[in-house]
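As a plain string of letters, each chain reads:
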Amino acid sequence: MDGYESNRRDFLKKLGLIAGATALTVTGVSGVTEIITEKKEQFNLTQEQKKFMAMYEKWLKEFHAMAKLHKDEPDHMGNNKKLMALSEEAKVWQKELIEHMKDENFARYYMIVTEKVTAAI
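Here the structure is a predicted model, which means the values were calculated and not measured. (Residues numbered from 1 in each chain as written. Predicted model: local features only at pLDDT ≥ 70, side-chain atom pairs only at ≥ 80, totals over all residues. Heavy atoms only, no water.)

> How do you make sense of the environment of Trp-93 when you look at a structure like this?
Among the secondary structure elements, Trp-93 is positioned in helix α5 (residues 77-100). Note on Trp-93: relative accessible area 9%, which makes it buried. Separated by 38 residues in sequence, Trp-93 and Met-55 have C-alpha atoms that sit 9.9 Å apart. (Helix = DSSP H or I, 4+ residues; strand = E, 2+ residues; numbered from the N terminus. Buried < 20%, exposed > 50% of the residue type's maximum accessible area, 1.4 Å probe, protein only.)

Okay, here's the thing in structure tokens:
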């Protein structure tokens, strides 16, 4: 693994996206590849989960844009600072995410929404 891959992996760990995958493993959700192909509209979320996902999807769009720029310009200081700020923001709601991920329905929805950013990174 080269230095870039190592830094990228460390960043993702800090970001907390790994928490979702860990929660999926703990809850025993199988067939993650098949989950990604499902439509997110098929899932009924609670109001609390919908509120969380609205916040997460807004955060994810911003993160996605920053990650794309980081891929092209890894030394861009302003972007790197913003990525770190987004990482700190994710720490705030990481425990709530882990709780929501105990619900298999939510976990599937989360994976569908998250697939776009992980593919870009």
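> Help me understand the nonpolar core in this model?
Side chains of nonpolar character tend, in soluble globular proteins, to be buried together. By size, the foremost hydrophobic cluster in this structure holds 23 residues, and its most contacted members are Met-53, Tyr-56, Trp-59, Phe-106 and Tyr-110. Elements supplying a minimum of two residues to this core: α4 (47-72), α5 and α6 (104-120). Here the element with the most residues in this core is α4; it accounts for eight residues. (Core = buried A, V, L, I, M, F, W, Y, C linked by side-chain atoms within 4.5 Å.)

> Help me understand the packing of α4 against α5, please; the structure alone is not making it clear to me.
Helices that pack against each other are described as a pair by the angle of their axes relative to one another and the distance between those axes. Contact geometry of α4 with α5 gives a least axis separation of 10 Å together with a crossing angle of 155°. Put simply, α4 runs roughly antiparallel to α5. The two elements α4 and α5 meet at a crossing, and its hand is left-handed. Side by side, α4 and α5 meet where Glu-48, Gln-49, Phe-52, Met-55, Tyr-56, Trp-59, Glu-62, Phe-63, Met-66, Ala-67, Leu-69 and His-70 of the first sit next to Asn-79, Asn-80, Lys-82, Leu-83, Leu-86, Glu-89, Ala-90, Trp-93, Glu-96, Leu-97 and His-100 of the second. A class-by-class count of the residues in the contact of α4 with α5 yields 13 nonpolar, five polar and five charged. (Axes fitted to C-alpha atoms, helices over the stretch in contact; angles between N-to-C directions. Parallel < 35°, antiparallel > 145°, perpendicular 65-115°, else oblique. Left-handed = near helix turned anticlockwise from the far one by under 90°. Contact = heavy atoms within 4.5 Å. Nonpolar A, V, L, I, M, F, W, Y, C, P; charged D, E, K, R; others polar.)

> Looking at this model, I keep getting lost on α5. Mind explaining?
Residues lying three or four places apart along an α-helix face the same way, a consequence of the helix completing one turn every 3.6 residues. Counted at 1.5 Å a residue, the expected span for α5 with its 24 residues is 34 Å, and the 34 Å between its end C-alpha atoms agrees. Along its length, α5 shows its largest kink, about 50°, at Trp-93. Those residues of α5 that sit buried are Asn-79, Asn-80, Leu-83, Leu-86, Ser-87, Ala-90, Trp-93, Leu-97 and His-100. (Expected span 1.5 Å × (residues − 1). Bend = angle between axes of the 7 residues up to and from the residue.)

> Please clarify how the pattern of salt bridges should be interpreted in this entry.
Pairing is possible between side chains of opposite charge, provided their charged atoms come close. Following the criterion strictly, the structure yields four salt bridges and no others. The residue Lys-102 makes a salt bridge to Glu-99 at a minimum N-O spacing of 2.7 Å. (Salt bridge = Lys/Arg side-chain N within 4 Å of Asp/Glu carboxyl O.)

> Is there a simple way to think about the side chain of Asn-80 in this case?
Considering the arrangement of structural elements, one finds Asn-80 in helix α5. Only 3.0 Å separates the side chain of Asn-80 from the side chain of His-70, close enough to count as a polar contact. Asn-80 has contacts with His-70, Pro-74 and Asp-75, leaving out every residue within four places of it along the chain. (Polar contact = N/O pair within 3.5 Å; in protein donor to acceptor, adjacent residues only side chain to side chain.)

> Any chance you could explain the packing of aromatic side chains here in plain terms?
Aromatic ring pairs: the centre-centre distance and the angle between the two ring planes describe each pair. A complete count under the given rule lists nine aromatic pairs for this structure. Relative to Tyr-110, the ring of Tyr-56 has its centre 5.0 Å away and its plane inclined at 35°; by these criteria the two rings are tilted. One end of the pair, Tyr-56, is in helix α4; the other, Tyr-110, is in helix α6, and 54 residues separate them in sequence. You'll find Tyr-56 and Tyr-110 in the same group, each marked buried. Connected via pairs of aromatic rings, a cluster forms that spans Phe-52, Tyr-56, Trp-59, Phe-63, Trp-93, Phe-106 and Tyr-110. (Phe/Tyr/Trp six-rings, centres within 6.5 Å; stacked < 30°, edge-to-face > 60°.)

Honestly, it's all geometry; don't read function into it.
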